[in-house]
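# Structural features, examined
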Amino acid sequence: MGCLEAALGRESSAPHSRGAVSAVGHPPARSCAGRARADHRAVKRWLQPLSLCKLLSHCGEKHLLTFRTKHDPSASSLEADRPRSCSSKQWCNFKFPSTGASEDYFGVCSEVMIKDNVVVVYEVLEEMLDNGFPLATESNILKELIKPPTILRTVVNTITGSTNVGDQLPTGQLSVVPWRRTGVKYTNNEAYFDVIEEIDAIIDKSGSTITAEIQGVIDACVKLTGMPDLTLSFMNPRLLDDVSFHPCVRFKRWESERILSFIPPDGNFRLLSYHVSAQNLVAIPVYVKHNINFRDSSSLGRFEITVGPKQTMGKTVEGVMVTSQMPKGVLNMSLTPSQGTHIFDPVTKLLTWDVGKINPQKLPSLKGSMNLQAGTSKPDENPTINLQFKIQQLAISGLKVNRLDMYGEKYKPFKGIKYMTKAGKFQVRT
């Protein structure tokens, strides 16, 4: 998640030592401006990909990339703080698209992926940056500049000595809509939009909501011929707060009419992300009934929990997973689930209950006893319960798409909207 963004860091103002590597991973004599023509042998001469130690990437935190050079055995570190020459707006515009770019190229972004595709990673980074400033961040443009690695292409490049760098500059880079390539043609024209909301909540012992908020995104998959101009309207756009748009969205029209007007990129992209705060009285889709007791003068305790749907508009709650970190004094648990399977790890003291789908007619429950260490005192606090779940065809905020219209083209595309709500950090205190 976001591995490519971790390779962008501040260049040190101090002179480079012998064997040092610049902020984008090339020898100091090489500038990061202009088109990248990184050669596989040249990169391997300066870097040892297999000694790439650790890549930490979490949104909103510092990103640390540690590696070793061939001439300098000491580890070098790059922290992906915002460069001084780069504004906050430019940094955010670079940071978030790079997350999707890594996944589009390699599927799953991990340390192993970085090691296996180190040349392509640096080629992509040099195309995304020009003299330290974000330049090309759209996935479809990057794929024309640097072809995604495949087994066949890797074999051909090894035999012929060629690289993944494209021969021609993408046509979209020269237009007023650099996020979309020209000459797009499809036999089946279709546009799909996924409204995905993640609810974070803390519920107290009595079932009251301490805090609740929703983080939402609208992901799009648009495969339309030509240069279509789309408008997307909502039934209740005032619900949206702290909205972040894709560069294709015309912000002035959103401000005046609360309508999304845009020429979409080709393929998959994130149209917008938004936040619904607790002041809007976020609906809680599930509830948990619990009875967890530890007796003062006994080595036994009682454990009972029941999970049920709440404010789901009749939609089914599925993929339910309940976890709870038990106190250290718990030796073992003897539990019986009415549905699903459960596991208690006596070493980590973690209880996991895979519930699956909730049937409102027969609510799932987990009941049994706990065995405590002899002579230990009663735990000061009861364990908290963490939930994971998802609800298809429901946006818990109440957001609904009103209509999607297309202008500039004469054909009629197939349009589809899908909603999904899932749990983020959903905690119930007992």
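A quick note: this is a predicted structure, and the numbers were derived from the prediction, not measured.

## Some points on the overall build of the protein
Scanning the protein from terminus to terminus reveals seven helices and 21 strands. Here the protein holds 430 residues, and 44% of them are scored as buried. By sequence separation, contacts in the protein at least 24 residues apart represent 72% of the contacts at least 6 residues apart. A total accessible area of about 22600 Å² is found for the protein, and carbon and sulfur atoms account for 51% of it.

## Digging into the side chain of D219
Considering the arrangement of structural elements, one finds D219 in strand β7 (residues 209-223). Reaching out from D219, the side chain makes a polar contact with the side chain of R270 at a distance of 2.7 Å. With residues up to four places along the chain from it excluded, the contact list for D219 reads Y192, F193, D194, I196, F269 and R270.

## A few points about a nonpolar patch on the surface
On the surface, I151, V155 and I159 cluster together into a nonpolar patch covering about 350 Å² of accessible area. Mapping I159 onto the fold places it in helix α6 (residues 151-160). With a relative accessible area of 68%, I159 lands in the exposed category.

## Describing the sheet that holds strand β8 (residues 229-234)
Backbone hydrogen bonds are what pair the strands of a sheet, in a parallel or an antiparallel way. Pairing in this open sheet of three strands is antiparallel, and the strands run β10-β8-β20 from one edge to the other. Among the strands making up the open sheet, the edge pair consists of β10 (259-262) and β20 (401-407). Each strand of the sheet is rotated relative to its neighbour by a mean of 15°, with strand direction disregarded. Across four bridges, the pairing between β8 and β10 is antiparallel.

## Observations regarding helix α4 (residues 118-128)
With eleven of eleven residues buried, α4 is to be regarded as a mostly interior element. Those residues of α4 lying buried are V118, V119, V120, V121, Y122, E123, V124, L125, E126, E127 and M128.

## Some thoughts on the pairing of strand β14 (residues 317-325)
With six bridges connecting them, β14 and strand β19 (residues 385-392) associate as antiparallel partners. The residue bridging V322 from the neighbouring strand is L387, located in β19. When β14 meets strand β17 (residues 350-356), the two strands line up antiparallel, connected through six bridges. From the neighbouring strand, M321 faces β17, where its bridge partner is D354.

## Describing the environment of S369
Its place among the elements puts S369 in strand β18 (residues 365-372). Note: C-alpha distance between S369 and M333 (36 residues apart in sequence) is 5.9 Å. Excluding residues that lie within four positions of it along the chain, S369 makes contacts with G301, R302, N332, M333, S334 and L335.

## Considering the nonpolar core
The biggest cluster of nonpolar side chains holds 69 residues, and the ones touching the most others in it are F193, F262, L271, F303, L387, F389 and F426. Here the element with the most residues in this core is strand β6 (residues 190-203); it accounts for six residues. Beyond its immediate stretch of four places on either side in the chain, F193 contacts I218, D219, A220, V222, L230, F262, L271, L404, G416, I417 and K418. Judged by nonpolar contacts, the second largest core, of nine residues, contains V120, V124, L145 and V165.

## Remarks on the confidence of the model for the protein
For the protein, mean pLDDT is 75; residues scoring 70 or higher make up 72% of the total. Scored below 50 in pLDDT, residues 1-99 shows 194 contacts in the model against residues more than four places distant or in partner chains.

## Let's talk about the side chain of H275
Position of H275 among the secondary structure elements: in strand β11 (residues 267-276). With relative accessibility at 14%, the residue H275 sits in the buried group. Only 3.2 Å separates the side chain of H275 from the side chain of E213, close enough to count as a polar contact.

## What to know about the sheet that holds strand β21 (residues 414-428)
The nine strands lie next to each other as β9-β11-β7-β6-β21-β19-β14-β17-β16, forming an open sheet whose pairing is mixed. The strands lining the two open edges of the sheet, one partner per strand, are β9 (241-245) and β16 (341-345). Going from strand to strand, the sheet's axes swing by 15° on average, the running direction of each strand aside. Judged from the three bridges that link them, β9 and β11 form a sheet pairing that is antiparallel. Residue F245 lies in a different strand from β11, and its bridge partner there is L272.

## A few points about the pairing of β6
Here is the key point about a regular strand: its side chains alternate between the two faces of the sheet. Pairing geometry for β6 and β7, over 14 bridges, is antiparallel. The partner of A191 across the bridge, within β7, is V222. A loop of five residues connects β6 with β7, the two strands running antiparallel in sequence, and G207 in this loop sits at a positive phi of about 95°. Note: β6 against β21, 13 bridges, orientation parallel. Residue I203 lies in a different strand from β21, and its bridge partner there is V428.

## Overview of the pattern of salt bridges
Per the counting criterion, the structure on display carries five salt bridges. A salt bridge links R302 to E304; its shortest N-O distance comes to 3.0 Å. The class for R302 is partly exposed, based on a relative accessible area of 34%.

## Notes on α6
Two residues of an α-helix separated by three or four positions point the same way, owing to the 3.6 residues in each turn. Burial of α6 is sparse: only one of the ten residues sit out of reach of the surface. With its phi angle positive at about 80°, G161 sits one or two positions after the end of α6.

Scoring rules and cut-offs
- Residues numbered from 1 in each chain as written.
- Predicted model: local features only at pLDDT ≥ 70, side-chain atom pairs only at ≥ 80, totals over all residues.
- Heavy atoms only, no water.
- Helix = DSSP H or I, 4+ residues; strand = E, 2+ residues; numbered from the N terminus.
- Buried < 20%, exposed > 50% of the residue type's maximum accessible area, 1.4 Å probe, protein only.
- Contact = heavy atoms within 4.5 Å.
- Areas by Shrake-Rupley, 256 points an atom, 1.4 Å probe, with all protein chains shown as cover.
- Polar contact = N/O pair within 3.5 Å; in protein donor to acceptor, adjacent residues only side chain to side chain.
- Patch = residues over 30% accessible without salt bridge, like charges linked within 9 Å, V, L, I, M, F, W, Y side chains within 5 Å.
- Salt bridge = Lys/Arg side-chain N within 4 Å of Asp/Glu carboxyl O.
- Pairing = 2+ DSSP bridges.
- Axes fitted to C-alpha atoms, helices over the stretch in contact; angles between N-to-C directions.
- Core = buried A, V, L, I, M, F, W, Y, C linked by side-chain atoms within 4.5 Å.
- pLDDT = per-residue confidence, 0-100.

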